[in-house]
Each structure stands twice: as structure tokens, then as C-alpha cells.
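Topology and contacts: notes
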Amino acid sequence: MPELAISPEKVGFLIEKAREFDVKEGLVDPDSGSNGADDDMIDVLEDDGTDPVAREITGFINALSEDEQVDLVALMRLGRGDGTIEEWADLRREAARGRTGHVANYLLGEPMLGDLLAEGLDEFGLGPSDERITPIH
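Let me sum up the structure you'll find in this document. Everything quoted here is computed from the prediction, not taken from an experiment. (Residues numbered from 1 in each chain as written. Predicted model: local features only at pLDDT ≥ 70, side-chain atom pairs only at ≥ 80, totals over all residues. Heavy atoms only, no water.)

**Regarding helix H4 (residues 88-97)**
Stated formally: Under the scheme applied here, a residue whose accessible area is under 20% of the maximum for its type counts as buried, over 50% as exposed, and between as partly exposed, the area being computed with a 1.4 Å probe on protein chains only. Note on conventions: DSSP H or I runs of at least 4 residues are helices, E runs of at least 2 residues are strands, and numbering of each starts at the N terminus. The directions from the helix axis to the C-beta atoms form the arc being described. We call two residues contacting when some pair of their heavy atoms lies within 4.5 Å.
Looking at H4, one finds that the buried residues are Trp88, Leu91 and Ala95. Along the axis of H4, the buried residues cluster in a sector spanning 60 degrees; they form a single face. Against the buried residues of H4 lie helix H3 (66-80).

Now the structure itself:
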């Protein structure tokens, strides 16, 4: 079984945050002037480009080592079905070759990122840890 450079705890944190980000939708009421309590806080699910969860994910990913970032991309691709656990070395090589420094933007552009990372961990026989990880600043 291949080794991961990134800990399941860190991936678990990203899974949790990615799932928070995935529930966002496009702006449907850009001129909303209502009180949040009056409209059941519906605007909180709209992505207006200033999403603090996206900033938190980006900061966390940018603070990871290069090897951890490569593993994260490879895990996402493994979870997406781009390869198998037996092809892990190839998935990692492709992820490293495609690394441009904008890993967070690339990953945040992937629909269902949290689920794909969870699937990737599952292929390793690992699950995200229940231990809380705080973002690195």
C-alpha cells in the first residue's frame, strides 16, 4: 500500500470545509436588503465571491508542503476515478507535473471536492479523523 505525505487529519479538515463550500450557490438575490432573520438566512448560502470558507481552504492548502499538495490533488483524482490505488505513483506524477502553484483554486473548482477526497482516502483504507484540525496561518 502506498504511503501518503498528507495526514488523514488534514484531509478530514479539508473534506469538512469543502462540503461547507459545496453547498454554496450562485447569487439569486443580489439586491437583497432584507434582514437575515426575516428571510431565514437564505443569503448565507449564496456565493458572492467573498466566501470566508474559500479563503480558509485556500490558506490551509497554501500552507501545506509541496508533497502534501501533490497528494491532495492525487487523492481527489483517485476519488474521481481517474486511476486506481495500484496506479497511485502515476496519479502522483501527473499531479506533480500539473502543479502550477494554484492548487487551491484548482481543487475549489472541482464539484463535490469533499466527497472525492473522502473516496480517495477510502481507497487507502483510511477515513477522515474526528480530531479537529485548525487552519495554519
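**A look at the nonpolar core**
Here is a general trend for soluble globular proteins: nonpolar side chains tend to be buried in one another's company. Note the threshold: Residues belong to one nonpolar core when they are buried, are Ala, Val, Leu, Ile, Met, Phe, Trp, Tyr or Cys, and are joined through side-chain atoms within 4.5 Å.
If you look at the biggest cluster of nonpolar residues, it comprises 35 residues, and the most contacted ones within it are Leu72, Leu75 and Leu117. When residues of this core are traced back to their parent elements, those giving at least two are helix H1 (8-22), helix H2 (52-62), H3, H4, helix H5 (103-108) and helix H6 (113-123). With seven residues, the top contributor of residues to this core is H3.

**A short note on the environment of Asp115**
The topology assignment puts Asp115 in helix H6. When its relative accessible area of 29% is taken as the criterion, Asp115 is described as partly exposed. Along the sequence, Asp115 and Gly79 sit 36 residues apart, while their C-alpha atoms lie 7.8 Å from each other.

**Observations concerning the pattern of salt bridges**
To be explicit about the condition: A pairing counts as a salt bridge when a side-chain nitrogen of Lys or Arg comes within 4 Å of a carboxyl oxygen of Asp or Glu.
A complete count under the given rule lists nine salt bridges for this structure. With a closest N to O distance of 3.5 Å, Lys17 and Glu20 form a salt bridge. Of this pair, Lys17 and Glu20 both sit in helix H1, three residues apart, roughly one helical turn. A residue is classified by how much of its surface remains accessible, and Glu20, at 31% relative accessible area, is partly exposed. Note that Arg92 and Asp71 form a salt bridge whose closest N and O atoms lie 2.4 Å from each other. Remark: Asp71 occurs in helix H3 and Arg92 occurs in helix H4; sequence separation between them is 21 residues. Note on Arg92: relative accessible area 22%, which makes it partly exposed. When its relative accessible area of 0% is taken as the criterion, Asp71 is described as buried.

**With respect to the packing of aromatic side chains**
Counted only if it meets this: When the centres of two rings from Phe, Tyr and Trp lie within 6.5 Å, Trp using its six-membered ring, the rings pair. Their planes under 30 degrees apart give stacked, over 60 give edge-to-face, and anything left gives tilted.
Counted according to the given criterion, the structure contains two aromatic pairs. Each ring, one from Phe13 and one from Phe60, has its centre 4.6 Å from the other, and the planes form 45 degrees; the classification is tilted. Here Phe13 is found in helix H1, whereas its partner Phe60 is found in helix H2, with 47 residues between them in sequence. We note that Phe13, like Phe60, is buried.

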